[in-house]
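This is what each chain is made of:
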2 protein chains.
Amino acid sequence: MTSPAAACRPREVLDIVADKWSLFVVRGLADGPRRFTELKRGIDGISQRMLTVTLRSLERDGLLTRTVHNIMPPHVSYELTPMGGTLHEATAPLMRWSFENLSRIDAARAAYDARG
Amino acid sequence: MTSPAAACRPREVLDIVADKWSLFVVRGLADGPRRFTELKRGIDGISQRMLTVTLRSLERDGLLTRTVHNIMPPHVSYELTPMGGTLHEATAPLMRWSFENLSRIDAARAAYDARG
DNA sequence: CTGGATCCCGTAGGATACTG
DNA sequence: CAGTATCCTACGGGATCCAG
């Protein structure tokens, strides 16, 4: 692509947001540490594989920490890092916007589809 | 904060955000109406097909309007609706977060990969 | 200039089964 | 409980050609 350096690259960070599950995991950890199964129960529709993959990715990005507590029985807890916390705060307006505009978007879609 | 309920479906709206190109298109229209080729030039790496697809999707959701000027040569302009404008505003904190944390994320990734 | 129509490939991601 | 390992399919998305 050889793009000029002038192009800022929100791409890399927005890929975190653009991920299908990342924001839901971040949101699931917003109120404090959670364990794997707690997280899975709290995120509707996520598969165990995608929860694992997403957690690994967020851990790699320094947004959450993974702590193994014991040998047996296995007990692993996940917790947002400070940076993960600020990410969650940064997404708050977007979340609010989502709730406030869901019905309007539904209406727009219906109208668009009706126009054929 | 973050009341536990709200088991709504942010999924549908977050899918807009989770889209690879939507936020870039919204951003490209933030300063006023733009034409197809202007948008394409402004969004680094987007293909003509994905720009078309993304524009259609955003139009369907009521986030932007498409206006065809019946002159030669063909002239189509896209413009954010008020709702599209508020979406852009809602993403502002996230954009700011991106710029502020890019280097930190790069460092976290490097450290993670080094440990691995 | 603004796209629509095809072709084609890589990968995201779901289902399932197995392990420490 | 908290994953890992496969398998497999759908769809995202790039390249290319064509049309109004």
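Position numbers for residues count from 1 along each chain, tracking the sequence in the order it is written. As a convention, the first chain written is A and the first ligand written is 1, with the rest following in written order. Reporting of local features is limited, given that this is a predicted model, to residues whose pLDDT is at least 70; pairs of side-chain atoms are given and counted only at 80 or more, and all residues count toward the totals for whole chains, interfaces and linings. Based on all heavy atoms of the structure, the side-chain values leave hydrogens and waters out of the count.

A short note on the packing of aromatic side chains
Argument step 1. For Phe, Tyr and Trp, rings pair up if their centres lie within 6.5 Å, where Trp contributes its six-membered ring, and each pair is then called stacked (planes under 30 degrees apart), edge-to-face (over 60) or tilted (otherwise). Under the definition given, this model contains two aromatic pairs over all chains.
Argument step 2. One Lys or Arg, R11 of chain B, reaches over the ring of W21 of chain A and ends 4.8 Å from the middle of that ring. The criterion for a charge sitting over a ring is simple: Lys NZ or Arg CZ within 6 Å of the ring centre, and within 35 degrees of the ring normal.

Focus: the relation of the copies chain B and chain A
Argument step 1. Between chain B and chain A, the superposition needs a rotation of 180° and an axial shift of 0.0 Å, giving an RMSD of 0.4 Å. Look at the turn and shift together and you get a two-fold axis relating the two. It is A18 of chain B whose C-alpha, among those of chain B, lies nearest the rotation axis, at 1.7 Å.
Argument step 2. The residues that chain B uses at the interface reappear at the interface of chain A in 91% of cases, marking a shared surface. Least squares is the method for superposing the copies, and the C-alpha atoms it fits come from residues with pLDDT of at least 70 in both. When checking whether two residues touch, look at their non-hydrogen atoms; a contact exists if any pair is within 4.5 Å.

A look at the protein's contact with DNA strand C
Argument step 1. Inspection of the region around DNA strand C gives 18 residues, with Q48 of chain A together with T37, Q48, R66 and Y78 of chain B positioned closest.
Argument step 2. Across the atoms of DNA strand C situated within 4 Å of the protein, the share located in sugar and phosphate is 53%.
Argument step 3. Between R35 of chain B and DNA strand C, the recorded distance is 3.2 Å, taken from a side-chain N or O atom to a sugar or linking oxygen.
Argument step 4. N or O atoms closer than or at 3.5 Å make up a polar contact, with two conditions inside protein: a donor-capable atom paired with an acceptor-capable one, and, for residues adjacent in sequence, both atoms drawn from side chains. R66 of chain B places a side-chain nitrogen or oxygen 2.3 Å from a phosphate oxygen of DNA strand C.
Argument step 5. Those elements giving two or more residues to the surface near DNA strand C turn out to be α4 (48–60) of chain A together with α3 (36–42), α4 (48–60) and β3 (75–80) of chain B.
Argument step 6. Each helix is a run of DSSP H or I of at least 4 residues and each strand a run of E of at least 2, with the numbering of both proceeding from the N terminus. Ranked by residues supplied to the surface near DNA strand C, first place goes to α4 of chain B with four residues.
Argument step 7. Partitioning the surface near DNA strand C into residue classes produces seven nonpolar, five polar and six charged. If a single non-hydrogen atom of a residue is within 4 Å of a molecule or strand, that residue counts as near it. In the scheme used here, Gly and all other residues not listed as nonpolar or charged are polar, with Ala, Val, Leu, Ile, Met, Phe, Trp, Tyr, Cys and Pro taken as nonpolar and Asp, Glu, Lys and Arg as charged.

Interpretation note: all reported values are geometric properties and have no functional meaning in isolation.
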